[in-house]
Each structure stands twice: as C-alpha cells, then as structure tokens.
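# Structural description and commentary
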Amino acid sequence: MNQSVLNSPLEMVTRVALILNARPGLHRSEDAIAMLDYLTTQAADFGLSYSNLHGDAGFELAEFAARLKHIHAGIKMGVLARIIAAQTTPTGLRYQITDKGNEYCDALSSQYKNEYLYYLGSALAFVDSHQAVEITDFIEQKGVLVVREDEQ
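Residues numbered from 1 in each chain as written. Predicted model: local features only at pLDDT ≥ 70, side-chain atom pairs only at ≥ 80, totals over all residues. Heavy atoms only, no water.

### Section: the nonpolar core
Ranked by internal contacts, the top residues of the largest apolar core, which has 34 residues, are Ile 33 and Leu 39. For this core, the elements supplying multiple residues, two or more each, are α1 (9-22), α2 (30-41), α3 (61-80), β2 (92-97), α5 (111-127) and α6 (132-151). (Core = buried A, V, L, I, M, F, W, Y, C linked by side-chain atoms within 4.5 Å. Buried < 20%, exposed > 50% of the residue type's maximum accessible area, 1.4 Å probe, protein only. Helix = DSSP H or I, 4+ residues; strand = E, 2+ residues; numbered from the N terminus.)

Structure representation (structure tokens):
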C-alpha cells in the first residue's frame, strides 16, 4: 500500500510544531495555527512573499476549511506524542510547543523545513501584528476577490 504523507497528521504535526517552535513562549489557538499555516504555504496569494511554498494553485476558501480539519488531526497527534501541550483558557484551548517538540524541530533537516521557516517568518510578522478578526477578514476578503476576478 502506497500512502501519501501529503496532508497527513504526520505532515500537519510537523508544520504545527514548526509554527509553535518559532515563538515558543506563545500559546496559540487551533484557528491561529491554521491561519499561520495557510498564510505560510500560500504567502504570495496574500502579498506576503513573491511565491507560494505549495505552488500557484490559486486561493480557495474551501481549501482553508479543509486545512482546519488537517490541522486538528495534526494537533491531536502532537498532543498524544507530547510534542505539543494543550492548555485550557477562558477563551478555549491554546497550544504550545514542549521541550520534546523543540527537540523534534531541531532534529528535522530538509530543504522543505528551511523553506517553510522562510515563508513562516513573513506570516508571523503579519499575524503577530494584527488581531485575529483582522486576519480572518483578510483571508476571507482575499477569497471574495479571487471569486470576483474569476467571474469577470
């Protein structure tokens, strides 16, 4: 049986760990992690870079919704493997990298990791300087603009 790693919990836990490892003192919500991952992989679509890490397939809100599902599975795997720690807050669950997660990230060595971290830097600069509602509106507005461009 030939199974793809693409969008698997293993791929997602790796990307989630890289996101949390980039700002180890911060606790992030599942939605914030998904937004960061989406902005990282589709950076050019949002004006955050000159190209997209995952190619130029075009932006679709449906893809972002699917990303949330994959991120959820990755976070679950990460919590069970003790790479990610969950914390209950008054506004919901927040996630943080653990020492084991830091070790996991440090042990990773690939061109993809380097490229992901490069694009993640731009996404973090944007996300860390805006409120969650502004980021959501930004992503949704981009989806509406693409739909309108396609209709012309």
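### A short note on α1
Spanning 14 residues, α1 covers 20 Å between terminal C-alpha atoms, matching the ideal 20 Å at 1.5 Å per step. If you check which residues of α1 are buried, you get Glu 11, Met 12, Val 13, Thr 14, Arg 15, Val 16, Ala 17, Leu 18, Ile 19 and Leu 20. (Expected span 1.5 Å × (residues − 1).)

### Quick notes on the pairing of β2
When strand β1 (residues 84-89) meets β2, the two strands line up antiparallel, connected through six bridges. Counted as the bridge partner of Ala 85 is Gln 96 from β2. (Pairing = 2+ DSSP bridges.)

### Quick word on the packing of α1 against helix α4 (residues 99-107)
Packing of α1 against α4 brings their axes to within 9 Å, and their N-to-C directions diverge by 105°. It follows that α1 is roughly perpendicular to α4 by the angle criterion. On the side of α1, the interface is formed by Leu 10, Thr 14, Ala 17, Leu 18 and Asn 21, while α4 contributes Asn 102, Tyr 104 and Cys 105. A class-by-class count of the residues in the contact of α1 with α4 yields five nonpolar, three polar and no charged. (Axes fitted to C-alpha atoms, helices over the stretch in contact; angles between N-to-C directions. Parallel < 35°, antiparallel > 145°, perpendicular 65-115°, else oblique. Contact = heavy atoms within 4.5 Å. Nonpolar A, V, L, I, M, F, W, Y, C, P; charged D, E, K, R; others polar.)

### With respect to the pattern of salt bridges
Applying the stated criterion to the full structure yields five salt bridges. Notably, a salt bridge pairs Asp 37 with Arg 15, separated by 2.6 Å at the nearest N-O pair. Of this pair, Asp 37 sits in helix α2 while Arg 15 sits in helix α1; the two residues are 22 residues apart in sequence, bridging distant segments of the chain. Residue Arg 15 is classed as buried on the basis of its relative accessible area of 1%. Salt-bridge contacts for Asp 37 lead to Arg 67; the nearest nitrogen and oxygen are separated by 2.7 Å. (Salt bridge = Lys/Arg side-chain N within 4 Å of Asp/Glu carboxyl O.)

### With respect to the side chain of Thr 41
Inspection of the secondary structure puts Thr 41 in helix α2. For Thr 41, a relative accessible area of 0% puts it in the buried group. A polar contact is formed between the side chain of Thr 41 and the side chain of Arg 67, at a distance of 3.0 Å. (Polar contact = N/O pair within 3.5 Å; in protein donor to acceptor, adjacent residues only side chain to side chain.)

### Observations concerning the environment of Tyr 112
Looking at the secondary structure, you find Tyr 112 in helix α5. A relative accessible area of 32% places Tyr 112 in the partly exposed class. Along the sequence, Tyr 112 and Leu 53 sit 59 residues apart, while their C-alpha atoms lie 8.8 Å from each other.

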